[in-house]
Amino acid sequence: MKPRILLLEDDSAIAATVAFALEREGLLVERVMLVADAQAALQRERPAAAVLDVALPDGNGLDLCRRWRADADTRTATLPILLLTARGEEIDRVLGLEAGADDYLPKPFSPRELVARVRALLRRAAMPRPPASAFELDEAGQRIRYHGTVLALTRREYGLLRELCLARGRILSRETLFDRVWGGLAESADRTVDTHIKTLRAKLREVRPADDPIVTHRGLGYTLADAD
């Protein structure tokens, strides 16, 4: 079957150009004009990728992208997304990527470039994925999912869990965690780190009460268990 692309664009001329370029390359295009319609289309059937305009009559493509990425539903969490916008300043590109978009294309754009970018997204999505982990680190959005659930973390909790995720299987001392997350700004490394590890564990237990993936190594520090 031909890959289906969800196109959210309220400008009829731009939508026609995009749809023609994609369909000429053998892709199916479902075009909608409103955020609500895009949400409904996704619920009916997951597309192979989505092309989202930013400024829309009933909302914002950036907000929709954030909402989809924060959803525990894997249909939205892993959906390849390309954002279209009338502005191409660096801050707009950064905001788009931080919202969870995979790519960003400012208007006016070349239809050939858009097709090439969509094709690249589809190729990456088709690549074999590494074994699923209990933790999914989204550094652009500064979010961490635990068994598919986005954790409500403070800045320090996120920093701690990020360091443990990046050092999976290795022991990190309290001093190392303290220096990387706090930069030596607090009075007591041991007490500060231990207190935040305690709150982290409580939040992880809210998702999986029987699991305790943060392992304490007495006199050495902490590590994140490799088990999923």
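Details of the structure are given in the entry above.
Bear in mind the structure is a predicted one, so any value in this text is a computation, not a measurement.

Colleague: What exactly am I supposed to notice about the nonpolar core here?
Modeller: Soluble, globular proteins show a tendency: their nonpolar side chains are buried together. Counting 23 residues, the largest nonpolar core has F135, L160, L161, L164, V193, I197 and I214 as the members making the most contacts within it. Mapped by element, the contributors of at least two residues to this core are β9 (143-146), α7 (155-166), α8 (174-182), α9 (189-207) and β12 (221-224). Sorting elements by how many residues they give to this core places α7 first, with 5 residues. With sequence-adjacent residues up to four places away left out, F135 is seen in contact with I144, R145, Y146, L161, C165, R168, L204, P213 and L224. L6, L52, L56 and A101 belong to the second largest nonpolar core, which has 21 residues in total.

Colleague: I'm lost on the pairing of β12 in this one. Help?
Modeller: The side chains of a regular strand alternate, first on one face of the sheet and then on the other. Residues G221 and T223 line one face of β12 and the alternating positions Y222 and L224 line the opposite face, and both faces are buried. As defined by bridge partners, strand β11 (residues 214-217) adjoins β12 across 4 bridges and the pair is classed as antiparallel. Note that in β12 the partner of V215 across the bridge is T223. From the end of β11 to the start of β12, which pair antiparallel, there are 3 residues, and G219 there has a positive phi angle of about 80°.

Colleague: Help me understand the side chain of R143, please; the structure alone is not making it clear to me.
Modeller: Looking at where R143 falls in the secondary structure, it is placed in strand β9. Under the relative-accessibility criterion, R143 is labelled buried at 15%. Looking at R143, its side chain comes within polar contact range of the side chain of D138, at 2.8 Å. Leave out the neighbours within four places in its chain, and R143 touches R69, E136, L137, D138, V150 and Y158.

Colleague: Could you clarify how one ought to interpret helix α6 (residues 111-126) in this entry?
Modeller: Each turn of an α-helix holds 3.6 residues, which means side chains three or four residues apart point in the same direction. Given a rise of 1.5 Å per residue, 16 residues ought to cover 22 Å, and the 23 Å separating the end C-alpha atoms of α6 matches this to within 8%. Packed against the buried residues of α6 are β1 (4-8), α1 (12-24), β3 (49-53), β6 (81-85) and β7 (103-106).

Colleague: Would you mind going over unusual backbone geometry with me for this structure?
Modeller: With an omega of -5°, the peptide bond running from K107 to P108 counts as cis. Summarising the element assignment, P108 is placed in the loop between β7 and α6. The phi torsion at H147 lies on the positive side, around 50°, for a residue other than glycine. Here H147 lies in the loop between β9 and β10 (149-150). Its relative accessible area of 30% is what places H147 among the partly exposed residues.

Colleague: How should the pattern of salt bridges be read in this particular structure?
Modeller: Close approach of charged atoms lets side chains of opposite charge pair. Overall, the coordinates contain 17 salt bridges when judged by the stated rule. A salt bridge links R117 to E113, with the nearest nitrogen and oxygen atoms 2.8 Å apart. Of the two residues, R117 and E113 are both situated in helix α6; the distance of 4 residues between them amounts to about one turn of the helix. Classification of R117 as partly exposed rests on a relative accessible area of 25%. For E139, the salt bridge goes to R162, with nearest N and O atoms at 2.7 Å. Here E139 is found in the loop between β8 (135-138) and β9, whereas its partner R162 is found in helix α7, with 23 residues between them in sequence. According to the relative accessible area criterion, E139 is partly exposed, its value standing at 40%. Each member of the salt-bridge network shares a partner with another, and the members are R4, E30, R44 and E45.

Here is what the cut-offs are and how they apply
Residues numbered from 1 in each chain as written. Predicted model: local features only at pLDDT ≥ 70, side-chain atom pairs only at ≥ 80, totals over all residues. Heavy atoms only, no water. Core = buried A, V, L, I, M, F, W, Y, C linked by side-chain atoms within 4.5 Å. Buried < 20%, exposed > 50% of the residue type's maximum accessible area, 1.4 Å probe, protein only. Helix = DSSP H or I, 4+ residues; strand = E, 2+ residues; numbered from the N terminus. Contact = heavy atoms within 4.5 Å. Pairing = 2+ DSSP bridges. Polar contact = N/O pair within 3.5 Å; in protein donor to acceptor, adjacent residues only side chain to side chain. Expected span 1.5 Å × (residues − 1). Salt bridge = Lys/Arg side-chain N within 4 Å of Asp/Glu carboxyl O.

That is the geometry; function is a separate question.
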